[in-house]
Amino acid sequence: MSYLRHSYLLFSLAVISGIFIFRQLSGNIKEKISVLSLPILISGIVFLLIFAFVIFSGKENFSKNRFSFYILTVFLVLLMLLSFLSAGRSFSSKLFNHKDIYELINKDSLREACSIEISGRVASHPRAGTGNYYFNLDNSTIIFNDRLSDNRHYLENINDIFISMASGGNKKPAVMRDDIIKISVEDIKKYVGKKGEKLLVFCTEKAEKEKASSFLHKFYTVRQKVFFFLSEKFRECFSYRNYTFASAVLLGNQEELSQALRESFTKSGLYHMLAISGLHLSILFSIISFFLSRADYLKSARFRNTANLLCFLLLLAFNILVGLKAAMMRASFFFIIYSVSRNFGKYNHSQNVLCMTLIAMLLINPEFLSDAGFILSFAATAGIIIVSPVIKKIFFLFSEGRHLTGNYFVKILILNTSVNIFILPLSFYYFRGYYVLSFLSNMVCSPVFYLILLLLFAGSVLALFLPATGYIFLKPASLLISLIINLSNFFSESSFGYIKTKFFNRPLNIFIYYMLLFMLLLSANYFLSFKYKMKEKNVV
């Protein structure tokens, strides 16, 4: 019954399949399904939880049951249906308001008779363009003011409103993320998105800031103050180039990165370092958890739980600060599920935890399946979990192999090789190229980058509570940031190593690559396990 050992992988594929099936439907069918998706989804989740508890609470009996295959099939169908309905809920949440807006804006008579105002919260970091700053508004209200009377028409609770605001020659935007603003619309531009969706951009000359009124807005104001405080500390300690790097890797603000810096890190195979990476943050918090759990007074299970709770709270606070990035959420879910399952002593295999994380995140937000950061983060983690054990077995065939795998630099080599093998086609797909020496650039730069993360994190926490002490960690971080940028420039300027191809532009070719990779890994795993057993018996 080998299929039971891979049940979580099958569950993940069922969830992904449900989302893909919904996306292949026509717009009219999607609208009809999305109307009923929420009540059916809630009922389905309740039924699924009851079903899962009854079946998997006795997993040992379940694995011996001759009807286990049929029960597993029912479970897969239920998960596929749930993800299908979840995609419908996500579709409906952003369709109808935007559809109403587009239909209203298309009425020339309405635009001539009414002036338009929009109030809401700035939901993204303003991005500089040619003479403008671009950002999104959430929790927005669009007000149509009749010029001939006092009548008003409101559209409320609308998210993802695209705003273009004139910069006025200022290098620094007049608004920040989480500002509550009100604008008067000067012009409206229409364009079609990558998926054929109709989108609008509301243009304005200036924005009027408003005071936070609701509790949620006050919460966002607190987050803005923390972000602004840390940003100003980074500006004080770093040059502008180093400030943009630190702000990107720790605060999640990539909008101020120069194009030259982006291209340098892309060509050197280090671009993942410019984004908040779930892989790096999971390593960071694993280090914290490791040291806390090794302390003498944290030997008992009770205090280990305290250490896990502390890491969980830090992850939660960090997720809120950076704005719920997909890669960061992946690391948080993975850490929580792994810690809980380890405390209960059940189902803590890394591949199962990764699949459970994937299922949870896609059921919460199916749109993550279109997020490049989400896909690359899961692919990198899957590479570590799936490919690195096979590489380690190759080392074990040699007399000194087991000792070598304990070496720090060999660990880094195995880690980077595993990740690069798994994300190779995705690098071509998203970045239109691949740096073949990226394993070398990552080997050289990864230790520096991890040290930068630790210094930035420690310096930021200390700066919040003891502002004067934050400089102790931030100043050395500045030197290391300059070093890693110079290393990136060195690797990116090499005249060889960067390959471009359109072969992986087709998703089918990516699928074929992974099918061949899995077949190769399964064969290698079987062969290497057999050779290792023979070696232990002194047959080979």
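Residue positions within a chain follow its written sequence, with the count starting from 1. The model is predicted, so local features are restricted to residues of pLDDT at least 70 and side-chain atom pairs to those at 80 or more, both for listing and for counting; the totals for chains, interfaces and linings are taken over all residues. Heavy atoms throughout the structure, all of them, feed into the side-chain values; hydrogens and water do not.

**Q** I keep staring at the pairing of strand 6 (residues 180-184) and nothing clicks. Help me out?
**A** Side-chain positions along a regular strand alternate between the two faces of the sheet. By the bridge criterion, five bridges tie strand 1 (residues 114-122) to strand 6 in an arrangement that is antiparallel. Note on strand 6: the bridge partner recorded for Gly120 is Ile181. Sheet topology places strand 6 next to strand 9 (residues 207-210); four bridges connect them, and they run antiparallel. Opposite Ile180, over in strand 9, you have Glu210 as the bridge partner. Strand pairing requires that DSSP identify at least two bridges connecting the strands. Secondary structure elements follow DSSP: runs of H or I no shorter than four residues count as helices, runs of E no shorter than two count as strands, and numbering proceeds from the N terminus.

**Q** Could you clarify how one ought to interpret unusual backbone geometry in this entry?
**A** Most peptide bonds take the trans form, and the phi angle of most residues other than glycine is negative. Even without being a glycine, Asp178 presents a positive backbone phi close to 80 degrees. Mapped onto the secondary structure, Asp178 falls in the loop between strand 5 (161-166) and strand 6. Here's how the labels work: a residue is buried when its accessible area is under 20% of the maximum for its type, exposed when over 50%, partly exposed in between, all with a 1.4 Å probe on protein chains only. A relative accessible area of 2% means that Asp178 is categorised as buried.

**Q** Would you explain the packing of helix 17 (residues 438-465) against helix 18 (residues 471-492) in this entry?
**A** Between two packed helices, both the angle of their axes relative to each other and the distance between the axes serve to describe the pair. Between the N-to-C directions of two axes lies an angle of 0 to 180 degrees, each axis being a line fitted to C-alpha atoms and, for a helix, fitted only over the stretch in contact. Helix 18 packs onto helix 17 with a crossing angle of 155 degrees between their chain directions and a minimal axis gap of 9 Å. When the axes of helix 17 and helix 18 are compared, the pair comes out roughly antiparallel. Of the two elements, helix 17 crosses helix 18, and the hand of that crossing is left-handed. Here roughly perpendicular refers to angles of 65 to 115 degrees, roughly parallel to angles under 35, roughly antiparallel to angles over 145, and oblique to all remaining angles. It is the rotation of the near helix from the far one that decides the hand of a crossing: anticlockwise by less than a right angle makes it left-handed, clockwise makes it right-handed.

**Q** I tried to follow the packing of aromatic side chains on my own but got confused; where do I start?
**A** The geometry of an aromatic ring pair is captured by two quantities: the separation of the ring centres and the angle between the planes. Aromatic rings from Phe, Tyr and Trp, taking only the six-membered ring of Trp, are treated as a pair when their centres fall within 6.5 Å; an angle between ring planes under 30 degrees marks them as stacked, one over 60 as edge-to-face, and anything in between as tilted. Inspection of the entire model under this criterion finds 15 aromatic pairs. The interplanar angle of 50 degrees and the centroid separation of 4.7 Å between the aromatic rings of Phe374 and Phe378 together place this pair among those described as tilted. Of this pair, Phe374 and Phe378 both sit in helix 14 (residues 372-396), separated by four residues, roughly a single helical turn. Like Phe374, the residue Phe378 is buried in the burial classification. A ring pair is formed by Tyr429 and Tyr430, whose centres lie 5.1 Å apart and whose planes are at 85 degrees; its orientation type is edge-to-face. Whether a charge sits over a ring comes down to the Lys NZ or Arg CZ being within 6 Å of the ring centre and within 35 degrees of the ring normal. A cation over a ring is seen here: Arg121 above Tyr220, with NZ or CZ 3.7 Å from the ring centre. Above the face of the Phe227 ring, Arg177 is positioned so that its terminal group lies 5.2 Å from the ring centre.

**Q** Any chance you could explain helix 8 (residues 240-251) here in plain terms?
**A** Residues lying three or four places apart along an α-helix face the same way, a consequence of the helix completing one turn every 3.6 residues. Of all 12 residues in helix 8, 10 are buried; the element is thus mostly enclosed. Taken residue by residue, helix 8 has Asn242, Tyr243, Thr244, Phe245, Ala246, Ser247, Ala248, Val249, Leu250 and Leu251 as its buried positions. Gly252 occupies a position one or two residues after helix 8 and carries a positive phi of about 80 degrees.

**Q** Just to check I follow, could you spell out helix 17 for this structure?
**A** Across its 28 residues, helix 17 extends 39 Å between first and last C-alpha, which sits within 8% of the 40 Å expected from 1.5 Å per residue. Where helix 17 bends most, the angle comes to about 40 degrees, and this point is Cys445, followed within four residues by the proline Pro447. By this rule, a helix spans an expected 1.5 Å times one less than how many residues it contains. What the bend at a residue measures is the angle between two axes, fitted to the seven residues ending there and to the seven starting there.

**Q** I keep staring at the nonpolar core and nothing clicks. Help me out?
**A** For soluble globular proteins, nonpolar side chains are generally found buried alongside one another. Side-chain atoms within 4.5 Å link the members of a nonpolar core, which is a set of buried Ala, Val, Leu, Ile, Met, Phe, Trp, Tyr and Cys residues. Counting 99 residues, the largest nonpolar core has Phe234, Phe238, Phe245, Leu362, Leu456 and Ile484 as its most contacted members. By residue number, the principal contributor to this core is helix 14, which donates 12 residues. Contacts: residue pairs with any heavy atoms within 4.5 Å of one another. Ignoring sequence-local partners within four residues, the contact set of Ile484 consists of Phe245, Phe265, Met273, Cys445, Val448, Phe449 and Ile452. If you look at the next biggest cluster of nonpolar residues, it comprises 20 residues, including Cys114, Ile118, Val122 and Phe135.

**Q** Explain the environment of Ile375 to me, please; I cannot follow it from the model alone.
**A** Take Ile375: it is sitting in helix 14. Residue classification places Ile375 among the partly exposed residues on the basis of a relative accessible area of 22%. The sequence separation of Ile375 and Ile423 amounts to 48 residues, and the corresponding C-alpha distance is 9.4 Å. Ile375 has contacts with Leu369, Leu426 and Tyr430, leaving out every residue within four places of it along the chain.

**Q** Where do I start with the pairing of strand 3 (residues 132-146) in this structure?
**A** With respect to burial, strand 3 is a largely interior element, 11 of its 15 residues being buried. Looking at chain direction, strand 1 and strand 3 are connected through eight bridges and run antiparallel. When the bridges of strand 3 are listed, Ile118 appears paired with Ile142. With two bridges joining them, strand 2 (residues 127-128) and strand 3 adopt antiparallel strand pairing. Bridged to Arg127 within strand 3 is Tyr134.

**Q** Even after reading the chapter, I still don't get the pattern of salt bridges, so can you show me in this structure?
**A** When charged atoms on two side chains of opposite charge get close, those side chains can pair. In the sections that follow, a salt bridge refers to a side-chain nitrogen of Lys or Arg positioned within 4 Å of a carboxyl oxygen of Asp or Glu. Counted by the stated rule, this structure contains eight salt bridges. In this structure, the salt-bridge partner of Arg223 is Asp178, at a minimum N-O distance of 2.8 Å. Of this pair, Arg223 sits in helix 7 (residues 215-237) while Asp178 sits in the loop between strand 5 and strand 6, and the two are 45 residues apart along the sequence. Residue classification places Arg223 among the buried residues on the basis of a relative accessible area of 11%.

**Q** Looking at this model, I keep getting lost on the side chain of Ser231. Mind explaining?
**A** With respect to the secondary-structure elements, Ser231 resides in helix 7. Residue classification places Ser231 among the buried positions, given a relative accessible area of 5%. Other than its neighbours up to four places away in sequence, Ser231 contacts Tyr243 and Leu251.

**Q** Even after reading the chapter, I still don't get the side chain of Glu117, so can you show me in this structure?
**A** You can see Glu117 is positioned in strand 1. Filtering out sequence-adjacent residues up to four positions away, Glu117 remains in contact with Thr141, Ile142, Ile143, Asn145, Lys182, Ile183 and Ser184.

**Q** Looking at this structure, I do not really get the packing of helix 7 against helix 8. What am I missing?
**A** It is at 9 Å that the axes of helix 7 and helix 8 come closest, and there the two elements cross at 145 degrees. Of the two elements, helix 7 crosses helix 8, and the hand of that crossing is right-handed. On the side of helix 7, the interface is formed by Phe227, Leu230, Ser231, Phe234 and Arg235, while helix 8 contributes Tyr240, Tyr243, Ala246, Ser247, Leu250 and Leu251. Taken together, the residues of the contact of helix 7 with helix 8 sort by class into eight nonpolar, two polar and one charged. Gly is put with the polar residues, along with every residue not named as nonpolar or charged; the nonpolar set is Ala, Val, Leu, Ile, Met, Phe, Trp, Tyr, Cys and Pro, and the charged set is Asp, Glu, Lys and Arg.

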